[in-house]
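Structural overview for review
The residues making up each chain are set out below.
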Amino acid sequence: MAVSALRKPDPMDVLSNSWYHLRLSVRHPQRVPTWDAIVLTAASPEQAELYEWQLSRAKRMERIADTTITMAVPDPQGARIGSGAATLSAIRALADYLGRNEPQVFLDSVNGEESYGSNIVNQLVKMRILLVHAGGDSKRVPWANPMGKAFLPLPYLAEEDPDGPVPLLFDHILAVSSCALKAFKDKGGLFIMTGDVLPCFDSSIMSFPDDGACVVTVPTTLDIATNHGVIVISSTRTNLCGSHKNLDIVEMLLQKPSLKDLENNGAIGFDGRALLDTGIFAIRGKAWQDIIKLSSASPRLISELLKRKEEVSLYEDLAAAWVSAKHEWLKTRPLGLELVNALGDQKLFTYCAYDLLFLHFGTSSEILDHLGEGNGGRVGRRHLSSIPASTVCDLATSAAILSSEIASGVSVGDDSLIYDSILSSGVQIGSRCVVVGVHIDQERRVYNENGPFLVLPDRHCLWEVPLVGDTGRVILCCGIEDNPKSSIYSGGTFCGKPWEKVFSKLGIRESNLWNHEQKQRYLWNAKLFPVVPQAEGLKLAMWLMGFNLDHNEDMLHLWENSQRVSLEEMHRSIDYRQLCAESSNHRSKLAAGIAKACISYGLLGRNLSRLCAEILEGENNGIDICKSYLSLCPNPQTSNLSLLNLPKSRAYQAQVDLHRACKQEQSANVTEESVWAAVAAETSAAVRQDLEDQASKPLNGVATQICDGYEHHQIANSQPLQPKRAHVELPVRVDFVGGWSDTPPWSLERIGCVLNMAIHLEGTLPVGAEIVVRSSEGILIRDDAGNQLHIQDRRSIAPPFHEDDQFRLVKAALTVTGIVNPSDKIMSSTGLEISTWAKVPRGSGLGTSSILAAAVIKGLQHVIGGDESNENVARLVLVLEQLMGTGGGWQDQIGGLYPGIKCTTSLPGKPLRLNIETVSVSSQLVLELEQRMLVVFTGQVRLAHGVLQKVVVRYLQRDALLITSIKRLAKLAKIGRECLMSGNLDDLGRIMLEAWRLHQELDPYCSNTFVDKLFEYSDPFCCGYKLIGAGGGGFALLLARNREAADDLKNLLKASGFPIKIYNWSMYSDRISGLS
């Protein structure tokens, strides 16, 4: 199944957006809705057990929220009952689960037939449930049967989490489906998808009926339509759901129609295409209530199906119950009358997803095509694997090697897939091959002195499976293009060869493979594969593929005298429990090797937290492995980490991650204090050249580290102060993009770039400080809330400063400027009176605290005759924030100290260098910006410190997604600068939207439901919006599409009832005044 990708969005971009939404919903389900339940259908109890394991793993790996109910439901007795009956069975199983596990929920019995109690019905009606049909066997992709096709490795976007698990098809299905919840709004319902197709589209813009079922369709060409299900909509295009919903009523369902059928039923649209049934259904309202009621009788209904050996399809039978034109036909089908009576009062609608692109995984060749080139380089090809140097092996760059260990002396050809395998020396894998679950250990292999140990020809598959009942293991093989469903008499092949050639070359007889009662003979039921030790199994596999024919009689004798299984028997005999254990232990071992190398070779560049999570998945005592790695970690107190180019903060964070993996929470908490002390010391050392030696001193606390550097700091003019006054007023800043790249330790190690602007609020400069030199000793501090503090002995001002100390900012400013240094006589007979004010709401996000610190430091430097340059003041503020324990970067003080719009770049080093570039824009553009941009206080008080700590920890853990996001923010700042210089505010708005998305990626708690609703309300009027600063509340920027939209939005917001305040603002372009 495929549709033209012409004019459709890049599937990688669609998936990236979907993954972003999935991560938000898992990390913050209270803000971004997640599924209440996720249910998978399975072919057998054994396969269901495998799926339960996969679902549990998905929760641990943060693919599914902890609050979501997950379950796998097998077809009863392992018999095929069809996707429609499986749907009813899955709903019934969920009801049974609720009856057993939820308080005040129970089952009733009415008229001798079990039915749901009202509590269960009410709960199911409200639940939003994702149902994925993943049962059945995979004849066309037989090597996927052990894992289930829904759990195929699909390393799209794997570079976003290189130390996490390999992304699976099911993971991407979860991502796409997570966006569909927006269409459910606050109501319950059932969302159905299939496990062997990945529909790449923005499911967040779908519309569903409030009452009824809805099938998602996509226009397709007629050659494709004739081989699949087709939806025919009403010729009048009647829309009974309201004009605001893009829905049509379904008039007819067609299955693999001929061209004549398409024409006669009016299925061909004006563009010459038909609507393809995607297999995606949404069932809501009364239709959902009807199917819940019907599912209560599913045990009886399915029992009837089993007796008759019949099936009920979701796409043909269940869907037909909602289409009146199909009712008479349906009544002739299994359970058709029951379906019409139970469901027939509701309608089937269709939502056409014009941009939907199908990625179908129906054959091995299709899977390799999807892993091939042409996806923008966003397919992971070396994920969580142990791979030797390119000088000792030959691995094609286009080959995908996932969760595998490759030894030297191995070759792998173009476009091949190696998954969950170990390949020892002497293995040659051809082009477009698939190797899954094959573990050829160096110690167990049998050497072949005359050539390679194992050769897999081009376009072949090889996989290994444990069998139940201690019957051993089996190695299986086939050709990529083999169709196991094709008869040996009508084009069937094995290993790419016609069966006649297989029989003649190998000497195999039909009677060896099928008994005389088997009339249908094809690869699927051929007893081909011997259950023998691995070494013999590999030899026989090569023989079956056409090698070792010189020893044909010996190989044939060994093969004939071995117990053999068919693909069909293998599918029923897989030891899923053993398979899961082997896979977990294999990946755990790989992760352990990567983690050990990361620690041993000094740079700690990998995400140990993610690797440890994988290590702990194994059964090989992962905690002991993590404990052993603690002893390998460099000790920041004794090691010379500068020789390793390793920051102490990173070394300590590695220890924290290992302690947590070892369940040593107390040790982790103690070490975490050293992490923050190291960050503070590294910031101080980078800001002041004369503190370069501080990062090598023992860490005894944040305050000690920073202040030690100021013990010998001498004020330039050490003469007693003369009467003097400094009055400093500063603007606040709004940031367009680039925040987080200015924050230590990022800015100490990597390039940062921020685009921000200084503004007046309500016609004033809202932040300021006044410092007056007094003739009397002591320091008097006042703030604009009427609080004041008199400090007689300046030597009593010493860090650490308590978080609740309302004057700690001024005390920290006195410390970093050196005024409280007892060795200086500058204040031997004089004192200071310091007043501060900030005429903005608390927690504004406008950089107020940093800008206030800049005002105080600038005023102090002025009265003592120190360096009051903006660059020096900005650096001292950075030190002050570390001293206060609030963290923070340089963008706030830069935004307030320098006028206008600035694009500021920081270059890591000692000292930290800032390149502040004023963005030259015309007065007309400034006027347009002032007219179109609304500066709005959301009323939500924010505190950047909590958000900042989370982001800094993720950076110190070397979280790849976070690093990629901050790099993108810094790049967007430069792109935004070009937009402003070219006068393009619309593009600036799009950059603001992307920046806001990236901020939520860094921390989903940077927004809340109130802010989400505010932005949703404003969206039709805006080309861009975001919260200012780190987020979490405070001020928002709303960039309207034009002046008229800005006026309309302002008026609507004032009348909307949102508890917000819209501020008058203008760009600040003057120089700082008031120093005297």
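What you see is a predicted model, and the numbers here were worked out from it, not measured in a lab. (Residues numbered from 1 in each chain as written. Predicted model: local features only at pLDDT ≥ 70, side-chain atom pairs only at ≥ 80, totals over all residues. Heavy atoms only, no water.)

The next thing to look at is the nonpolar core. In this structure, Trp143, Phe191, Trp499 and Leu528 are the most contacted members of the largest nonpolar core, which totals 143 residues. Looking at this core, the element that brings in the most residues is helix α5 (residues 169-184), giving ten residues. Discounting chain neighbours no more than four positions away, the residues touching Leu528 are Phe494, Trp499, Ile508, Leu513, Leu523, Leu544, Trp559, Arg564 and Val565. Within the second largest apolar cluster, 109 residues are counted, among which are Val767, Val773, Leu832 and Cys903. (Core = buried A, V, L, I, M, F, W, Y, C linked by side-chain atoms within 4.5 Å. Buried < 20%, exposed > 50% of the residue type's maximum accessible area, 1.4 Å probe, protein only. Helix = DSSP H or I, 4+ residues; strand = E, 2+ residues; numbered from the N terminus. Contact = heavy atoms within 4.5 Å.)

Hydrogen bonds between backbone groups are what pair the strands of a sheet, and the pairing can be parallel or antiparallel. Taking strand neighbours across the sheet as the criterion, the six strands line up as β14-β16-β19-β22-β24-β25 in an open arrangement whose pairing is mixed. Of all strands in the sheet, those with a lone pairing partner are β14 (382-383) and β25 (473-479), marking the two edges. The pairing of strand β24 (residues 460-466) with β25 spans seven bridges and is classified as antiparallel. Bridge pairing in β25 places Leu462 opposite Cys477. (Pairing = 2+ DSSP bridges.)

Packed helices, taken two at a time, are described by the angle their axes make and the gap between the axes. Where helix α20 (residues 608-615) contacts helix α23 (residues 648-661), the axes come no closer than 9 Å and their chain directions differ by 20 degrees. Considered as vectors, α20 and α23 are oriented roughly parallel to each other. Crossing handedness for the pair α20 and α23: right-handed. When α20 is examined against α23, the residues Leu608, Ser609 and Cys612 are found in contact with a partner set consisting of Arg650, Ala654, Asp657, Leu658 and Ala661. Broken down by class, the residue content of the contact of α20 with α23 amounts to five nonpolar, one polar and two charged. (Axes fitted to C-alpha atoms, helices over the stretch in contact; angles between N-to-C directions. Parallel < 35°, antiparallel > 145°, perpendicular 65-115°, else oblique. Left-handed = near helix turned anticlockwise from the far one by under 90°. Nonpolar A, V, L, I, M, F, W, Y, C, P; charged D, E, K, R; others polar.)

The strand order β30-β33-β36-β34-β35 describes an open sheet built from five strands, whose pairing is mixed. Two strands in the sheet have a free side with no partner beyond their single neighbour: β30 (725-730) and β35 (788-791). If you compare each strand with its neighbour and ignore which way they point, the axes differ by 10 degrees on average. Here strand β33 (residues 767-774) pairs with strand β36 (residues 831-838) via eight bridges, running antiparallel. Residue Glu770 lies in a different strand from β36, and its bridge partner there is Ser835. Each of β34 (778-782), β35 and β36 touches helix α27 (residues 808-816); the most contacted strand, β36, lies at about 130 degrees to it. Relative to the sheet, helix α28 (residues 848-864) contacts β30, β33 and β36, its axis offset from that of β33 by approximately 25 degrees.

Next up on the list: empty space enclosed by the protein. Summed over the entire model, instances satisfying the criterion amount to six cavities of 30 Å³ or more. Space inside the largest cavity adds up to approximately 60 Å³. Taken together, the elements giving at least two residues each to the lining of the largest cavity come down to α1 (11-27) and α5. For the lining of the largest cavity, the residue count by class is eight nonpolar, four polar and one charged. (1 Å grid on protein atoms, 1.4 Å probe; cavity = no way out; pocket = protein on both sides within 12 Å on 5 of 7 lines; lining within 4 Å. Points joined across faces, edges and corners; volume = space filled by probe spheres on them.)

The amide bond that connects Pro744 to the next residue, Pro745, takes the cis arrangement and shows omega of 5 degrees. Locating Pro745 in the fold gives a position in the loop between β31 (732-737) and α26 (746-749). The omega torsion of the bond from Pro799 to Pro800 falls at 5 degrees, within 30 degrees of zero and hence cis. Here Ser403, not a glycine, exhibits a phi torsion of approximately 50 degrees, which is positive.

For the rest of this paragraph, the subject is the packing of α1 against α5. Closest axis-to-axis distance for the α1/α5 pair is 8 Å, and the angle between their directions is 80 degrees. The pairing of α1 with α5 is recorded here as roughly perpendicular in orientation. Here α1 contributes Leu15, Ser18, Trp19, His21, Leu22 and Ser25 to the contact with α5, which in turn contributes Asp171, His172, Leu174, Ala175, Val176, Ser178 and Cys179. Of the residues in the contact of α1 with α5, the class split is seven nonpolar, five polar and one charged.

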